[in-house]
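Tertiary structure, described
Spelled out, the chains give:
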Amino acid sequence: MAIKLNKSYLSDFVSDAEISAIRGEVENALKTTKEGTGAGSDFLGWYDLPLRYKTEEYDEIKKAAEQIKKDCDVLIVIGIGGSYLGARAAIEFIKSPLYNSLKKDTPDIYFSGNNISSTQMKELFDICEGRDVCVNVISKSGKTTEPAISFRIFREYLEKKYGEEGAKNRIYVTTDKSRGALKQLADQKGYKTFVVPDDIGGRYSVLTAVGLLPIAVAGCDLDAIMEGAAQANKELLSADYDNNSCLQYAAIRNILYRGGKKVEIMACYESAYAMMAEWWKQLYGESEGKDGKGILPDSVIYSTDLHSLGQIVQEGERNIFETVVDIKTSRNEVIIPSDAEDKDELNYIAGKSMHEVNRTATEATILAHSSGLVPNIVLELDGRTEADFGYMVYFFELACAVSGYTLGINPFDQPGVEAYKNNMFALLGKKGEKFDEIRAQLKK
């Protein structure tokens, strides 16, 4: 398997007997997922997506990406939550967190519509000044506040810059196949459109047009990504429980949760993984946090965050466990030089590569945290290729579904996210009886 579960550091926290005892629950959760008999089964389109992705739309995504590369210096991707996190995670993981600053033959890619900051919006316009711009707006309804505001502003910007006809050829819309405000506008204006599938929720949608278009514009190999996901589908759905890293990851999470570990910290020692962790946090937080249940997902990039959070992880409240994504190989070797004066006292590692030192830091930290009574799940990943990314996405999606059903919740809905939205709409003066009632309640 491209992702291997290393349980070496769990022996003091999770026994083989416990892993065996929960087996029936986990296998039933997998069966529920496979057969589509559980709550939220209308949103299982991601489950066999790697086996049926070769569609006309898939080819159109590739064509549109090539056109965007020709037409613009900057692509603005407008979306929030699952509508942008997966794409940004892919670009930073596969290419670099410094993607926009590197020499390349693909456009810079910036993300908007994931906040309501006027300062950031002005800075994006400054970046676009004197450069050709395209926009990919991603929204199922077109009415989600943050991306809707951003798209309204950027649509006006493009129409002023290129004229309405010119702007039409620079706007790409990923939305519902047949309904919604954004679909209506796209049809009216003649924008190129792609589909947000009805049977795949936003946080599971990175391997659809939602994520694939901006990922392709960055120059990533879509075929390799989907082949990696297909490999995961084949391996993880056929391997038995004892040899299945995905099922055992789901099992161990639930065992630790039942033992009082309420916080899962995802740790990685490569900065390119930071946005991947943000994608993972939404996937698990939105899927499991309901009915008074759920493991709180958090993330760190070590060794950076050891200098800010290492103390509390080592000696704070013992309600946490860590999942370490251990990326085994590095694309580049940077050798640490020798210094005749050795005032920084680093000559003892002269001649070693930075990657070797980083690997040592990984092992040292896992050992330290384990001795500090923090369980460490280690997921070993070979590298940062497109295939690695596709495999990892499917691994975490399947583990999330299985873990959620094992926890006893619906891993595909998110009823709690509407509360803040309704309050915001009411306070901003949106019309309607429902919002009038909310305003009245908020004023009490």
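As a reminder, the structure under discussion sits directly above these lines.
Thresholds, definitions, all that
- Residues numbered from 1 in each chain as written.
- Predicted model: local features only at pLDDT ≥ 70, side-chain atom pairs only at ≥ 80, totals over all residues.
- Heavy atoms only, no water.
- Phe/Tyr/Trp six-rings, centres within 6.5 Å; stacked < 30°, edge-to-face > 60°.
- Lys NZ or Arg CZ within 6 Å of the ring centre and 35° of its normal.
- Buried < 20%, exposed > 50% of the residue type's maximum accessible area, 1.4 Å probe, protein only.
- Helix = DSSP H or I, 4+ residues; strand = E, 2+ residues; numbered from the N terminus.
- Arc of directions from axis to C-beta.
- Contact = heavy atoms within 4.5 Å.
- Axes fitted to C-alpha atoms, helices over the stretch in contact; angles between N-to-C directions.
- Parallel < 35°, antiparallel > 145°, perpendicular 65-115°, else oblique.
- Left-handed = near helix turned anticlockwise from the far one by under 90°.
- Pairing = 2+ DSSP bridges.
- Nonpolar A, V, L, I, M, F, W, Y, C, P; charged D, E, K, R; others polar.
- Right-handed = clockwise from strand over helix to strand, strands pointing away.

Before going further, it helps to spend a moment on the packing of aromatic side chains. Within the structure shown, the criterion is met by 21 aromatic pairs. Lying across the ring of tyrosine 162, arginine 170 places its NZ or CZ 4.1 Å from the centre.

Here we come to helix 7 (residues 181-189). Three- or four-residue spacings in an α-helix give side chains the same orientation, since the helix completes a turn every 3.6 residues. Every buried residue belonging to helix 7 is among Leu182, Lys183, Leu185, Ala186 and Lys189, and all of these are buried. For helix 7, the angular spread of buried residues about the axis comes to 165°, placing them on one side. For helix 7, the exposed residues lying more than 90 degrees away from the buried face are Gln184 and Gln188. At its buried positions, helix 7 is contacted by strand 4 (133-138), helix 6 (145-168), strand 5 (171-175) and strand 6 (192-195). Once helix 7 ends, the next one or two residues include glycine 190, with phi positive near 85°.

Here the focus is the packing of helix 9 (residues 222-236) against helix 14 (residues 386-407). Running from N to C, helix 9 and helix 14 cross one another at 45°; their axes reach a closest spacing of 6 Å. Considering their axes alone, helix 9 and helix 14 lie oblique with respect to each other. For the crossing formed where helix 9 meets helix 14, the hand is right-handed. Counting all contacts with helix 9, which are made through Ala224, Ile225, Gly228, Ala229, Gln231, Ala232, Asn233, Glu235 and Leu236, the residues of helix 14 involved are Glu386, Ala387, Phe389, Gly390, Tyr391, Tyr394, Phe395 and Leu398.

Hydrogen bonds between backbone atoms are what pair the strands of a sheet, whose relative direction is either parallel or antiparallel. Reading across from one edge, 1-10-9-7-8 is the order of the five strands in this open sheet, with mixed pairing throughout. Edge positions in the open sheet fall to strand 1 (3-6) and strand 8 (296-301), since each of these has one partner strand only. On average, adjacent strands in this sheet sit at an angle of 25° to one another, irrespective of strand direction. Sheet analysis places strand 7 (residues 263-268) next to strand 9 (residues 320-327), joined by six bridges and oriented parallel. Bridge assignment links glutamate 264 to a residue of strand 9, and that residue is phenylalanine 321. Contacts from helix 11 (residues 274-288) reach strand 7 and strand 8 within the one sheet, and its direction differs from that of strand 8 by about 175°. Packing of helix 13 (residues 354-371) onto the sheet brings it into contact with strand 9 and strand 10 (376-381), and relative to strand 9 it is tilted by some 160°.

This part is about the sheet that holds strand 5. With respect to topology, five strands assemble into an open sheet ordered 3-2-4-5-6, the strand pairing being parallel. Edge positions in the sheet fall to strand 3 (108-112) and strand 6, since each of these pairs with one other strand and no more. With strand direction ignored, the average angle separating the axes of adjacent strands in the sheet is 20°. With five bridges connecting them, strand 2 (residues 74-78) and strand 4 associate as parallel partners.

This next bit is on the packing of helix 3 (residues 56-71) against helix 8 (residues 209-217). The interhelical angle for the contact between helix 3 and helix 8, taken along N-to-C directions, is 40°, at an axis separation of 8 Å. As for the relative orientation of helix 3 and helix 8, their crossing is right-handed in sense. Residues Glu57, Tyr58, Ile61, Ala64, Ala65, Ile68 and Lys69 of helix 3 lie in contact with helix 8, whose contacting residues are Ala209, Leu212, Leu213, Ala216 and Val217. Its residues assigned to classes, the contact of helix 3 with helix 8 comprises ten nonpolar, no polar and two charged.

Taken together, the four bridges between strand 5 and strand 6 define a ladder with parallel strand orientation. Bridge assignment links threonine 174 to a residue of strand 6, and that residue is phenylalanine 194. As a crossover connection, the stretch from strand 5 through helix 7 into strand 6 is right-handed.

Checked against the element boundaries, leucine 158 lands in helix 6. Beyond its immediate stretch of four places on either side in the chain, leucine 158 contacts Val133, Val135, Gly163, Ala167, Arg170 and Ile171.

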